[in-house]
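Coordinate analysis (summary)
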Amino acid sequence: MSFTRRQMLVGLAGLGVVGLGAGGVRYWLGRPENVATHDYELIAAPLDIELVPGHSTPAWAYGGQAPGVELRCRQGERLRVRFINKLDVPTTIHWHGIRLPLAMDGVPYVSQAPVLPGEYFDYNFITPDAGSFWYHPHVASGEQLGRGLVGALIVEEREPTGFRHDHTLNLKSWHIDEQGAFTDFSVPREAARGGTPGRLSTVNGQHAPTLDLPAGQVVRLRLINLDNTLTYRLNLPGADARIYALDGNPVEPRPLGKEYWLGPGMRIELGLKVPAAGAELSLRNGPLRLATLRAQPSAEGAGEWPPALPANPVAEPDMANAETVKFNFEWAGAVSVGLAQGAAHSFWQINGQAWDINDKTCADRPIARLQLGKSYIFELRNLSQYQHPIHLHGMTFKVLASDRKSIIPYFTDTYLLGKNERARVALVADNPGVWMFHCHVIDHMETGLMASIEVV
Ligand SMILES: [Cu+2]
């Protein structure tokens, strides 16, 4: 399934008003009357949703959905979104994995002021790479992502890829109890370990749904980990599935294998040969079923495996002249007692520095300064017993090697650094600005595991 821009506009406008909150707030995503300044309006607003049957959960939604409405655009085109904040807290939108100018990156006090309640901000950027990306706030992330402010951003290839069927699977677990009420998004003793997990797993906002797919066809599945904490050990027993892209960048198609570890913020695109009508596959996280994929009769002829997706225009690092920069990720805390009201715990450090989410000046002290246009090798070293999905804003890097597993080099924006692992990645510092470099376990990021890297 592929959209032209016009079809997309019609499709999104067709959503129209999808809900009226208690306060009469309209949750709307659609084409504005005046298209001179923006193509879409995206509203963040409270929305009661039903995650536990018979109970309501006071979520926060983008475009009337939690997870948020899926945004689609085409590679190389400009995406112009007027973001309207109808929450009663400040927020921003960060476009995870998109290589864009700093002013559009959505980091408070670094690239923009927070968008205050009732205000709007116009995001306007070109999407240079095709693939599966996502969007979320970079303010009070534990609560804001936890309440549902997470959504897919799909950048379609310029030319048809050979996939006729395209499905996005948004993976998120919710921090709620049996009555659907929110529980703590962050518990200090968990933040100091693997992060605070949610209790109810969902795919596209539903617990253990059944998804119908056309029998005999090769479908494109975009699995996006929108979770605050969980690394999904994805597996599809008995399926004929091949990996086509990792984190928004194509790879040479290869079998999914036994299991793929998808950390928070990461994406994997699979080609799946749907079995004969009536058959069912189980999409699982380790032994736990996330969703059932059910083959429905299809009138189409037998599906073919599409070729590899076209590469994105990411600069190849100049390895002969690359400078090495070392980053150590370590646990450096003790669960503090008697912490001042509102103060953040400090459990984690990068090169001996802990980020303080309450200190608006942290980004003024970059952990590394890179020269614009030069190539760098980052040596990433995890000195802790917990894994960290390490994410860099603004630029895409190439994973080269690990001391724990064999790596087929690939481009990404997030690398899942295993416990005590040492890995090497490389990039061309081709985007000027101050870029966040952090762990995407939100609990880790909010208790120290974040830094800025300046490219000048
Ligand atoms: Cu981490």
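Residues numbered from 1 in each chain as written. Predicted model: local features only at pLDDT ≥ 70, side-chain atom pairs only at ≥ 80, totals over all residues.

Let's shift gears to the overall build of the protein. Within the protein, the secondary structure is distributed over 4 helices and 32 strands. Residue burial in the protein is summarised as follows: out of 456 residues, 48% are buried. Long-range pairs, those at least 24 residues apart, make up 72% of the contacts in the protein with a sequence separation of at least 6. (Helix = DSSP H or I, 4+ residues; strand = E, 2+ residues; numbered from the N terminus. Buried ≥ 20, exposed ≤ 12 C-beta atoms within 10 Å, placed from the backbone. Contact = placed C-beta atoms within 7 Å.)

With 111 residues, the main nonpolar core has Leu-153, Leu-223 and Val-425 as its most contacted residues. If you tally residues by element for this core, the top one is strand E3 (residues 40–49), at 6 residues. Other than its neighbours up to four places away in sequence, Leu-223 contacts Leu-169, Leu-171, Leu-234, Leu-262, Arg-267, Ile-268 and Leu-270. (Core = buried A, V, L, I, M, F, W, Y, C linked by C-beta atoms within 7 Å.)

With that settled, consider the sheet that holds strand E10 (residues 151–156). Taken in spatial order, the 4 strands line up as E5-E10-E9-E7 in an open sheet, and their pairing is mixed. Among the strands making up the open sheet, the edge pair consists of strand E5 (68–74) and strand E7 (94–96). Ignoring which end each strand starts from, the neighbouring axes of this sheet average 25 degrees apart. Note: strand E9 (residues 131–136) against E10, 5 bridges, orientation antiparallel. Paired with Phe-133 across the bridge in E10 is Leu-153. (Pairing = 2+ DSSP bridges. Axes fitted to C-alpha atoms, helices over the stretch in contact; angles between N-to-C directions.)

For the rest of this paragraph, the subject is the confidence of the model for the protein. Looking at the protein as a whole, the pLDDT averages 90, with 89% of positions reaching at least 70. Between residues 1–28, whose pLDDT stays under 50, and residues either more than four places distant or in other chains, the model counts 43 contacts. (pLDDT = per-residue confidence, 0-100.)

With 6 of 6 residues buried, E10 lies mostly within the body of the structure. On E10, burial covers both faces: Gly-151, Leu-153 and Val-155 on one face and Ala-152, Ile-154 and Glu-156 on the other are all buried. Pairing between E5 and E10: 5 bridges, direction parallel. Counterpart to Leu-71 in the pairing with E10 is Leu-153.

What follows deals with unusual backbone geometry. Omega for the bond connecting Ala-66 with Pro-67 falls within 30 degrees of zero, at -5 degrees, which places this linkage in the cis form. Checked against the element boundaries, Pro-67 lands in the loop between strand E4 (57–62) and E5. Here the phi dihedral of Ala-140 falls at roughly 40 degrees; this positive angle occurs in a residue that is not glycine. Among the structural elements, Ala-140 can be located in the loop between E9 and helix H2 (141–146). Despite not being glycine, Asn-204 shows a phi value in the positive range, around 50 degrees.

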